[in-house]
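# Survey of secondary and tertiary structure
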Amino acid sequence: MDAEPSFSLMLHVAFGAVSLVTAALAIAAPKGRRLHRLAGKLYVLSMAVVFASAVWLSLATNDLFLMTVAIFSFYMVLSGYRALYLKKPSASLDPRYRVGALDKGAAQFTMIACSAMATYGGVYWYTEPMAPVLVVLGTVGSLMAFFDLKRFRSPPKNPRAWFFTHMTRMLGGTIASVTAFLVNTGDMVPPLARWLAPTLIGTAAIILWVAYYKRKFSGGAAPETVADVRLFEMPDEDEEDAI
């Protein structure tokens, strides 16, 4: 690329910043309320731009790390968003609330792309500096997509499964984005900390948060009583794009 920042790079950086801010707002806001839904929707849209620009930049610069993180993080966000629509896919004739081409296609693409990245990292383990990252992210991404495809064929019986899928996937996508941000801009942070800190802190937070809600549910609470979401109803006009 030219020495001057390209339009794609500026777009990527700008919407990357928007995604980090909106993710923080969505995490901090009361779950299911208007601010949470608005911030979540903006987060998904900004991540879509980040994904598209990252793919373009990775092809232009032959940056496999950027490509892998882009696919991995956006699939987590997309599948986390779609979990809101797939609460009870068999209960609606509306294609938006059933597993469709978008869900299957995204999972199949992610599984193939991530498998290829993991294979490349394994083959060139001793010559590719980013080989460990490619292998780890590629393996996790391909397995995640594989099990999603299995879940599409045989939906989980737990009526709260969508709740945890939404929460863990959106947070996981945020962890991947923060990691990529630190790796590329965190010169003041030790290299090992750039890679490990977001994952360690984020994973611990996810585990604690999941445990918190499981305790709530084990006590008889339903998702709609611990967060402003609806389990047995499809989103109304104001909530059909809610997050």
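For the structure itself, consult the block above.
Here the structure is a predicted model, which is why all the values come from computation and not from measurement.

### Focus: the environment of I27
- With respect to the helices, strands and loops of the structure, I27 is situated in helix α1 (residues 7–28).
- The residues contacting I27, other than those within four sequence positions of it, are L171 and W209.

### A word on the packing of aromatic side chains
- On inspection of all chains with the given rule, the structure shows 12 aromatic pairs.
- Here W162 and F163 contribute two aromatic rings whose centre-to-centre distance is 5.7 Å and whose plane-to-plane angle is 75 degrees, an arrangement assigned as edge-to-face.
- Residue classification places W162 among the buried residues on the basis of a relative accessible area of 5%.
- Sitting above the plane of the W162 ring, K87 keeps its charged end 4.7 Å from the centroid.
- Its end group placed over the ring of F164, K214 keeps NZ or CZ at 5.9 Å from the ring centre.

### Points about the pattern of salt bridges
- All told, the structure shown has 3 salt bridges when counted by the stated rule.
- Across the pair D103 and R82 runs a salt bridge whose closest N-O atoms are separated by 2.8 Å. With a gap of 21 residues between them, D103 in helix α4 (residues 101–123) and R82 in helix α3 (residues 64–82) connect regions that are remote in the sequence.
- Overall, D103 belongs to the buried group, its relative accessible area being 6%.
- The class for R82 is buried, based on a relative accessible area of 10%.
- The closest approach of N and O atoms between D148 and R151, which form a salt bridge, is 2.8 Å. Pair noted here: D148 and R151 are both in helix α5 (residues 131–153), with a separation of 3 residues, about one helical turn.
- Look at D148 and you get buried, because its relative accessible area is 2%.
- Three or more residues joined by partner-sharing salt bridges are found here, namely D148, R151 and R169.

### Focus on the packing of α1 against helix α2 (residues 34–61)
- For the pair α1 and α2, interaxial distance at closest approach is 8 Å and the crossing angle is 155 degrees. Comparing the axis directions of α1 and α2 gives the class roughly antiparallel. In this structure, the crossing between α1 and α2 has a hand that is left-handed.

### Examining the side chain of S46
- Summarising the element assignment, S46 is placed in helix α2.
- Here S46 falls in the buried class, since its relative accessible area comes to 2%.
- In this structure S46 touches F15, V18, S19 and T22, once residues within four positions along its chain are discounted.

### Considerations on α4
- When the terminal C-alpha atoms of α4 are compared, their 32 Å separation across 23 residues agrees well with the 33 Å that a helix rising 1.5 Å per residue should span.
- Turning to α4, its buried residues are D103, A106, A107, T110, A113, C114, M117, A118 and G121.
- Buried positions along α4 lie against α3 and α5.

### Side note on unusual backbone geometry
- The backbone of N62 shows a phi angle near 55 degrees, a positive value even though the residue is not glycine.
- The residue N62 is located in the loop between α2 and α3 in this model.
- A relative accessible area of 65% means that N62 is categorised as exposed.

### Focus on the packing of α1 against helix α6 (residues 161–185)
- Between α1 and α6, the shortest axis-to-axis distance is 11 Å and the interhelical angle comes to 145 degrees. The two elements α1 and α6 meet at a crossing, and its hand is left-handed. Residues L20, A23 and I27 of α1 lie in contact with α6, whose contacting residues are L171, T174, S177, V178 and F181.
- Tallied by class, the residues present in the contact of α1 with α6 amount to 6 nonpolar, 2 polar and no charged.

Conventions we followed
- Residues numbered from 1 in each chain as written.
- Predicted model: local features only at pLDDT ≥ 70, side-chain atom pairs only at ≥ 80, totals over all residues.
- Heavy atoms only, no water.
- Helix = DSSP H or I, 4+ residues; strand = E, 2+ residues; numbered from the N terminus.
- Contact = heavy atoms within 4.5 Å.
- Phe/Tyr/Trp six-rings, centres within 6.5 Å; stacked < 30°, edge-to-face > 60°.
- Buried < 20%, exposed > 50% of the residue type's maximum accessible area, 1.4 Å probe, protein only.
- Lys NZ or Arg CZ within 6 Å of the ring centre and 35° of its normal.
- Salt bridge = Lys/Arg side-chain N within 4 Å of Asp/Glu carboxyl O.
- Axes fitted to C-alpha atoms, helices over the stretch in contact; angles between N-to-C directions.
- Parallel < 35°, antiparallel > 145°, perpendicular 65-115°, else oblique.
- Left-handed = near helix turned anticlockwise from the far one by under 90°.
- Expected span 1.5 Å × (residues − 1).
- Nonpolar A, V, L, I, M, F, W, Y, C, P; charged D, E, K, R; others polar.

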